[in-house]
Amino acid sequence: MTTEEVLELFRESGALLQGHFILSSGLRSPVFLQKARVFMHPAKAEKLCKALADKIVAEGYGDVSQIVSPAVGGIIPGYETARHIGVPAIYTERVNGVFELRRGFELAPGERVIVVEDIVSTGLSIRECIEAIRKLGANVVAAACLIDRSGGEAEIGVPLISLTRYKVPAYPADALPPELAAIPAIKPGSRGLA
């Protein structure tokens, strides 16, 4: 899929938002990709995640035993991507602020896995998920996401496969451009929810 095809699915779903948004990273942006609006449509989620699964396999990372995703945002794309690769999908959850496996999910030492996330801005959730996986002795061979909004700048410590790169400006709260500072900020993401 091209960047325009991916973004068109977001537009059709009312998921490409304009305004002043507080991202999960704490940075501010005039654009927010509300992927939950896309994921509520199974056919659209399937189309995106099948394309991501195809890209993972094409880049040589399809030989994994499981897909692991950071909750909450990575659960649906992780599951749907795993379905197309033909492996189980599990996810990490925050417990006292730290990702860990729960619900009876397990990883064996040396097991080859790939982390699948929805959208990458700074890569923090993927890095934290990778750390939790490595503590269990499993091998994270790569990570994948639907949209890399860092434009390839996020450092995650393993190869990052993105369905598309879509560089979106993001600013620290104390360095906003005047046009963004003039708009009230909202926090539409899930990080920090109880």
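Predicted, not measured: the structure shown is a model, and the values here were computed from it.

(A) Region of the structure containing the pairing of strand 3 (residues 66-70). Here strand 3 lies mainly inside the structure; five of its five residues are buried. Here strand 3 pairs with strand 6 (residues 112-120) via three bridges, running parallel. By the bridge assignment for strand 6, Ile67 is matched with Ile114. Here strand 3 pairs with strand 4 (residues 89-95) via four bridges, running parallel.

(B) Highlighting helix 5 (residues 124-135). Between its first and last C-alpha atoms helix 5 spans 17 Å; for 12 residues at 1.5 Å apiece the expected length is 16 Å, and the two agree. For helix 5, the secondary structure elements touched by its buried residues are strand 3, strand 4, strand 5 (98-101), strand 6, strand 7 (139-148) and strand 8 (160-165). Gly137 sits one or two positions beyond helix 5 and adopts a positive phi of about 90 degrees.

(C) Geometry of the pattern of salt bridges. Under the criterion given, the structure shown has 13 salt bridges. A salt bridge links Lys35 to Asp118, with the shortest nitrogen-to-oxygen separation between them at 3.2 Å. Placement of the pair is Lys35 in helix 2 (residues 35-39) and Asp118 in strand 6, with a sequence separation of 83 residues. One exposure class covers both Lys35 and Asp118, and it is buried. Arg83 is the salt-bridge partner of Glu46, the closest N and O atoms lying 3.1 Å from each other. Linking Glu46 in helix 3 (residues 42-58) with Arg83 in helix 4 (residues 75-85), this pair joins segments that are 37 residues apart in sequence. If you follow the salt bridges from partner to partner, you end up with Glu4, Glu8 and Arg11 in one network.

(D) Focus on the sheet that holds strand 4. The strand order across the open sheet built from six strands is 5-4-3-6-7-8, with neighbouring strands paired in mixed fashion. Only two strands of the sheet have a single neighbouring strand rather than two, namely strand 5 and strand 8. Averaged over all neighbouring strand pairs, the angle between strand axes comes to 25 degrees, with direction disregarded. Each of strand 6, strand 7 and strand 8 touches helix 1 (residues 3-12); the most contacted strand, strand 8, lies at about 75 degrees to it. Its contacts with the sheet place helix 5 against strand 3, strand 4, strand 5, strand 6, strand 7 and strand 8, and it is angled at close to 160 degrees to strand 6.

(E) The arrangement of the packing of helix 1 against helix 3 in detail. Packing of helix 1 against helix 3 leaves a shortest axis separation of 11 Å and a crossing angle of 165 degrees. As far as their axial angle goes, helix 3 and helix 1 are roughly antiparallel. Crossing of helix 1 over helix 3 shows left-handed handedness. Every residue of helix 3 that contacts helix 1 at Val6, Leu9, Phe10 and Glu12 is listed here: Lys44, Lys47 and Leu48. Per-class residue counts for the contact of helix 1 with helix 3 are four nonpolar, no polar and three charged.

(F) Spotlight on the side chain of Asp148. Here Asp148 shows up in strand 7. Asp148 sits in the buried class, given a relative accessible area of 1%.

What counts as what
Residues numbered from 1 in each chain as written. Predicted model: local features only at pLDDT ≥ 70, side-chain atom pairs only at ≥ 80, totals over all residues. Heavy atoms only, no water. Buried < 20%, exposed > 50% of the residue type's maximum accessible area, 1.4 Å probe, protein only. Helix = DSSP H or I, 4+ residues; strand = E, 2+ residues; numbered from the N terminus. Pairing = 2+ DSSP bridges. Expected span 1.5 Å × (residues − 1). Contact = heavy atoms within 4.5 Å. Salt bridge = Lys/Arg side-chain N within 4 Å of Asp/Glu carboxyl O. Axes fitted to C-alpha atoms, helices over the stretch in contact; angles between N-to-C directions. Parallel < 35°, antiparallel > 145°, perpendicular 65-115°, else oblique. Left-handed = near helix turned anticlockwise from the far one by under 90°. Nonpolar A, V, L, I, M, F, W, Y, C, P; charged D, E, K, R; others polar.

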